[in-house]
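The primary structure of each chain is shown beneath.
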Amino acid sequence: MSQAQFDSLIFARWMITVETDGEILENHAIALKDGRIAAILPAAEARQLVADEVIELDRHVLMPGLINLHGHSAMTLLRGLADDKALMDWLNNHIWPAEGRHVRDEFVFDGSLIAMAEMLRGGTTTINDMYFYHGAVARAGLSSGMRTFVGCSILEFPTNYGVNADDYIAKGMAERREFLGEERITFTLAPHAPYTVSDDTFRKVVTLAEQEDMLIHCHIHETADEVAGSIEQHHQRPLARLQQLGMLSPRLVAAHMVHLNDEEIELAARHGVSIAHNPTSNMKLASGIAPVQKLLTAGVNVGVGTDGAASNNKLDMLSETRMSALLAKVGTLDPTAVPAATAIRMATLNGAKALGIDDQVGSIKVGKQADLIAVDLAAIETAPTFDPVSHIVYAAGREQVTHTWVAGECLLKDRVLTRLNLADLLAKGEDWRGRILAKGE
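Residues numbered from 1 in each chain as written. Predicted model: local features only at pLDDT ≥ 70, side-chain atom pairs only at ≥ 80, totals over all residues. Heavy atoms only, no water.

Colleague: Help me out: how do you make sense of the state of the cysteines in this one?
Modeller: Disulfides are covalent bonds that link the sulfur atoms of two cysteine residues. In the structure shown here, the tally under the stated rule is zero disulfides. The structure places no disulfide on Cys-218, whose sulfur is separated from the nearest cysteine sulfur, that of Cys-152, by 14 Å. With a relative accessible area of 0%, Cys-218 lands in the buried category. (Disulfide = S-S within 2.5 Å. Buried < 20%, exposed > 50% of the residue type's maximum accessible area, 1.4 Å probe, protein only.)

Written out as structure tokens, the structure is:
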């Protein structure tokens, strides 16, 4: 018996490569070896190859895994706790007090695992996270198998995790050292927002990011009130202030960026800033409609995020991709704004570019890591299929994701998680519900 040439052969009815917008390969196969894409070829040719495992997906789209460019995974445990409120009321009067009562290492680990299970079941292979107890987030990433960017939150005021900005930074860097060398775990610096972080701290973050070659992840221009508050306190808009502090660079992933003028769009483009667009959270908190089409036209790299489950309330990247396309159209009254192929690129390759890993993931290309998902289009909800690209954005739901691979490892197989136990996670969620209710919201 001949020795297998490849680890896996995956045959698919359609393949969306994202290498070229709208490119669809029909009846092709992909060969995996050592966690990477070793070959892409027509199915008839692939039948001549030998692999340890052969997967037949004759009703499916095979495409790159979705990249959630902005999330707070542990906040799944606060899902639905304080809905239908404005951002600052939501934060000051509900979320931050609840976090003060409950957020500890165990809370973050359990909440992050629940989030990662939800995301893997929906086709998300990478999460760019921002929260506290960073070691717990990293351990959850290792347990789930997800590609995890661990954002080390930095604030000026005390929480359960730290007492001031210097303490947050010191603890985050210490936890980072514990996970150096873990291929799927990357730490970032995450100053919370211009209204919670001082000039001095932003300068320290910029210096440290350059010294340690780290990304910066920050909420910016999320609401009109934030912009107005900055003008009142600093006599300038947040982005102008951040430019003076050296924050604007290709290292920066700016979450939200809803309220921008033309000068600020040009500024983001000139400095190579990437933006994490969070359409559902922006709608639910009535933050506004980000000028995504203008940003893309200006050459700004825009990816897609869910934000946390406390403000969304789903971690559903297929839904966010659809909302990104629809909100751009209604916001501009232009039905051609953010077409389906562009929305898919935003949720995959653009997210990878923002995280500096577009040479490794984000598209189906020989040599890249095998971060892939399969979506079954045989459901009645997606019948008939004229254009798989259109269907992925406008018709398919996350329940149609059947397989999810990260670095060639199948973490969801026929809708079953291979590393995580769903029953155990549901029990953890119910346990935390009881604890939170016992202490009050």
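Alright, that's what it looks like, and here's the rest.
Colleague: Explain the pattern of salt bridges to me, please; I cannot follow it from the model alone.
Modeller: Note on pairing: side chains with opposite charge can pair once their charged atoms come close. Counting across every chain of the model gives 27 salt bridges. The residue Glu-118 makes a salt bridge to Arg-398 at a minimum N-O spacing of 2.9 Å. With a gap of 280 residues between them, Glu-118 in helix H3 (residues 105-121) and Arg-398 in the loop between helix H14 (388-394) and strand S14 (401-406) connect regions that are remote in the sequence. Glu-118 sits in the buried class, given a relative accessible area of 13%. The partly exposed category is assigned to Arg-398, whose relative accessible area is 23%. Among the charged side chains, a salt-bridge network with shared partners connects Arg-79, Glu-118, Lys-314, Asp-316 and Arg-398. (Salt bridge = Lys/Arg side-chain N within 4 Å of Asp/Glu carboxyl O. Helix = DSSP H or I, 4+ residues; strand = E, 2+ residues; numbered from the N terminus.)

Colleague: Sorry if this is basic, but what is going on with helix H13 (residues 340-354) here?
Modeller: In an α-helix there are 3.6 residues to a turn, and that puts residues three or four apart on one side. The end-to-end C-alpha distance of H13 is 20 Å, a good match for the 21 Å that 15 residues give at a rise of 1.5 Å each. Residue Met-346 marks the point of greatest curvature in H13, where the axis turns by about 45°. Most of H13 is tucked away: 14 of the 15 residues are buried. Downstream of H13 by one or two residues, Gly-356 has phi in the positive range, about 75°. (Expected span 1.5 Å × (residues − 1). Bend = angle between axes of the 7 residues up to and from the residue.)

Colleague: Any chance you could explain the pairing of strand S13 (residues 372-376) here in plain terms?
Modeller: Within S13, five of the five residues are buried, which leaves it mostly tucked inside the rest of the structure. In S13, alternate side chains face the same way, and those of Leu-372, Ala-374 and Asp-376 on one face and Ile-373 and Val-375 on the other are all buried. Pairing analysis gives five bridges linking strand S4 (residues 51-64) to S13, with the strands arranged antiparallel. Within S13, the position partnered with Leu-62 by the bridge is Ala-374. Direction of pairing for S13 relative to S14: antiparallel, over a ladder of four bridges. Paired with Ile-373 across the strands is Thr-404, a residue of S14. (Pairing = 2+ DSSP bridges.)

Colleague: When you look at the sheet that holds strand S16 (residues 416-417) in this model, what are you seeing that I'm missing?
Modeller: Strands in a sheet are paired, the pairing made by backbone hydrogen bonds, and the direction either parallel or antiparallel. The eight strands are arranged S3-S2-S1-S4-S13-S14-S15-S16 in an open sheet whose pairing can be described as mixed. On the outer flanks of this sheet lie strand S3 (36-42) and S16, each paired with one strand and no other. Strand direction decides the pairing type here: S14 and strand S15 (residues 409-413), joined by three bridges, are antiparallel. Residue Trp-405 lies in a different strand from S15, and its bridge partner there is Cys-410.

Colleague: Whenever I open this one, the environment of Gly-229 confuses me. Can you help?
Modeller: Following the sequence through the fold, Gly-229 ends up in helix H7 (residues 224-234). Along the sequence, Gly-229 and Gly-308 sit 79 residues apart, while their C-alpha atoms lie 24 Å from each other.

Colleague: Explain the nonpolar core to me, please; I cannot follow it from the model alone.
Modeller: A general tendency of soluble globular proteins is for nonpolar side chains to be buried together. With 114 residues, the main nonpolar core has Trp-90, Phe-107, Val-108 and Leu-252 as its most contacted residues. It is H3 that contributes the most residues to this core, ten residues altogether. Setting aside anything within four residues of it in sequence, one finds Trp-90 in contact with Met-75, Ala-82, Lys-85, Ile-95, Leu-285, Ala-310 and Ser-311. Leu-32, Leu-62, Trp-405 and Cys-410 belong to the second largest nonpolar core, which has 15 residues in total. (Core = buried A, V, L, I, M, F, W, Y, C linked by side-chain atoms within 4.5 Å. Contact = heavy atoms within 4.5 Å.)

Colleague: Explain the packing of aromatic side chains here, please?
Modeller: When we look at a pair of aromatic rings, we describe it by the centre distance and by the angle of the planes. The full count for this structure, using the stated rule, is eight aromatic pairs. Between Tyr-133 and Tyr-161, the ring centres sit 5.0 Å apart and the planes meet at 70°, which makes this aromatic pair edge-to-face. Taken together, the residues Tyr-133 in the loop between strand S6 (124-131) and helix H4 (134-144) and Tyr-161 in the loop between strand S7 (147-154) and helix H5 (165-178) connect sequence positions 28 residues apart. Tyr-161 matches Tyr-133 in its accessibility class, with the two residues each being buried. Through a chain of ring-to-ring contacts, three or more aromatic side chains come together here, namely Tyr-131, Phe-132, Tyr-133, Tyr-161 and Tyr-168. The ring of Tyr-161 is capped by Lys-171, whose NZ or CZ atom sits 5.5 Å from the centre of that ring. Taking NZ or CZ as reference, Arg-435 lies 3.9 Å from the ring centre of Trp-432, over its face. (Phe/Tyr/Trp six-rings, centres within 6.5 Å; stacked < 30°, edge-to-face > 60°. Lys NZ or Arg CZ within 6 Å of the ring centre and 35° of its normal.)

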